[in-house]
Amino acid sequence: MRSGAVILVLATVACRRENGPPPQATLVQKVVHVETVVVTERLVPKTLAVTGSLEADQRTDLAANASGRVVRTFVERGDHVKAGAIIAQLDARAASLTQSEAQANVKSLDEQLAAVRAECARDDALLAKGAISQAEYDRQASQCRTQTASEEAARVRISEAARVVQDAAIRAPFAGVISERYVNVGDYVTASSKVVTLLVDDPLRLKLTVPEPAIPFAREGVTVTFEVLGLPDRTFSAPIRYVGREVRATTRDLVDEAIVDNHDRLLLPGMFATVQLSGEHHPVRPGQGP
């Protein structure tokens, strides 16, 4: 029995040696490149998001300033025009006839006035010699004054007719772009009728509302950045030029205006803007957010 147990133990030990753990695999060492920097503090501005809207630098609903039927239009929506360019033409034939009539009337009155003045000059000499009575002289002098007044009135009618003829050509008061046209050929307009909306789209005004706590940071000359919904991948900047001087009681904010360079015409009046206004600076270490 003992010899059998010894043989069993030796066989078990030999089996364990044959099925023992495999030799350890060779470890591969990886080289890691590490960069080091000196940790320092820096000042990072704290930004505040405020709302704003873009507006035209100048804008007017141009009125006809005359009455008449539109015989021709010269612009369409989106057209750029120069100052003084004709926007629309009204029928000015009646005014032209009135002007011609007034001019002919003035010419006739001029000739009559020259003759009356000559008579008055002779009456002056006759009165000095006692050749005519004072009553006759006064009657002739009154005629001279009446004729002079008639000539002046005729010249006023000429000026008025000329103004009507001139106003029949509706012109742009400043250079800009046509935002809307309200009349067509054949329409009858009066002096107060809107003809077009004319605006200046370069530069634009960015009107932003500044909450009361942020008013000290919205000073004249401060540059703000903003984005618009129509161009989500673009960021624009503009300096504040006009600063409001009164806090609105209902909203507790101030209205400022920044001037936006829009020479590429990407921005349009009426666009809503999200404006980033820089506030106070505070220390931040590299790798930290503001």
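Up top is the structure these notes are about.
Figured I'd write up the structure that's included with this text. Computed from a prediction, not measured in an experiment: that's the story for all the values here.

Let's shift gears to the overall build of the protein. Scanning the protein from terminus to terminus reveals three helices and 14 strands. Relative to its full complement of 290 residues, the protein shows a buried share of 29%. Long-range contacts, defined here as pairs at least 24 residues apart, represent 75% of the contacts in the protein between residues at least 6 apart. Carbon and sulfur atoms provide 54% of the accessible area of the protein, an area that totals close to 19,500 Å².

Further remarks concern the sheet that holds strand β4 (residues 80–81). Picture the strands of a sheet paired through backbone hydrogen bonds; they go either parallel or antiparallel. Spatially, four strands are ordered β2-β9-β7-β4 in an open sheet, and the strand pairing comes out antiparallel. Edge positions in the sheet fall to β2 (59–63) and β4, since each has one partner strand and no second. In terms of strand pairing, β4 meets strand β7 (residues 176–181) through two bridges, oriented antiparallel. In the sheet register, V81 faces β7, and the bridge partner there is G176.

As a further point, take unusual backbone geometry. For the peptide bond that leads from D202 to P203, omega is 5°, which places it in the cis range. Relative to the assigned elements, P203 resides in the loop between β9 (194–199) and β10 (204–211). Its identity as a non-glycine residue notwithstanding, R265 has a phi of 60°, on the positive side. Its location among the elements puts R265 in the loop between β13 (253–260) and β14 (272–284).

The next thing to look at is the pattern of salt bridges. Across all of its chains, the model carries ten salt bridges by this definition. R265 is the partner of D201 in a salt bridge, and the nearest nitrogen-oxygen pair spans 3.1 Å. Of this pair, D201 sits in the loop between β9 and β10 while R265 sits in the loop between β13 and β14, and the two are 64 residues apart along the sequence. Put simply, D57, R205 and E257 are held in one network by salt bridges that share partners.

Attention now goes to the packing of aromatic side chains. A full pass over the atoms with the stated rule returns one aromatic pair. On the basis of an interplanar angle of 25° and a centroid distance of 5.6 Å, the ring pair of F226 and F236 is categorised as stacked. On the criterion of sequence distance, the pair formed by F226 in strand β11 (residues 223–228) and F236 in strand β12 (residues 231–243) is long-range, its members being ten residues apart. Classification of F236 as buried rests on a relative accessible area of 11%. Across the ring face of Y182, the terminal group of K194 is positioned such that the distance to the ring centre comes to 4.6 Å.

On to the side chain of S193. For S193, the position within the fold is in the loop between β8 (188–189) and β9. A polar atom in the side chain of S193 sits 2.9 Å from the backbone nitrogen of T190. In this structure, S193 is in contact with L62, A63 and A64, ignoring residues within four places of it in sequence.

Turning our eyes to something else, we now look at the nonpolar core. Judged by nonpolar contacts, the single largest core of 22 residues is most densely connected at L54, L206, F226, V228, V260, L267 and V275. Every element with two or more residues in this core is listed here: β1 (42–56), β10, β11, β12, β13 and β14. Ranked by residue count, the leading element in this core is β10, at four residues. If we skip the residues at most four places from it in the chain, L267 touches L54, L204, F226, V228, L231, F236, V260 and N262. In terms of nonpolar packing, the next biggest core, distinct from the first, is built from 21 residues, A88, A92, A168 and F174 among them.

Our focus in this paragraph is the sheet that holds β8. Strand order in the open sheet made by the four strands is β6-β5-β3-β8, with antiparallel pairing throughout. Edge positions in the sheet fall to β6 (169–171) and β8, since each has one partner strand and no second. With three bridges joining them, strand β3 (residues 68–73) and strand β5 (residues 86–90) adopt antiparallel strand pairing. Residue pairing for β5: T73 is matched across the bridge by A88.

The residue D167 is located in helix α3 (residues 134–167) in this model. Classification of D167 by relative accessible area gives buried; the value is 13%. Contacts of D167, omitting those with residues within four sequence positions, involve A64, N65 and A66.

Cut-offs and rules
- Residues numbered from 1 in each chain as written.
- Predicted model: local features only at pLDDT ≥ 70, side-chain atom pairs only at ≥ 80, totals over all residues.
- Heavy atoms only, no water.
- Helix = DSSP H or I, 4+ residues; strand = E, 2+ residues; numbered from the N terminus.
- Buried < 20%, exposed > 50% of the residue type's maximum accessible area, 1.4 Å probe, protein only.
- Contact = heavy atoms within 4.5 Å.
- Areas by Shrake-Rupley, 256 points an atom, 1.4 Å probe, with all protein chains shown as cover.
- Pairing = 2+ DSSP bridges.
- Salt bridge = Lys/Arg side-chain N within 4 Å of Asp/Glu carboxyl O.
- Phe/Tyr/Trp six-rings, centres within 6.5 Å; stacked < 30°, edge-to-face > 60°.
- Lys NZ or Arg CZ within 6 Å of the ring centre and 35° of its normal.
- Polar contact = N/O pair within 3.5 Å; in protein donor to acceptor, adjacent residues only side chain to side chain.
- Core = buried A, V, L, I, M, F, W, Y, C linked by side-chain atoms within 4.5 Å.

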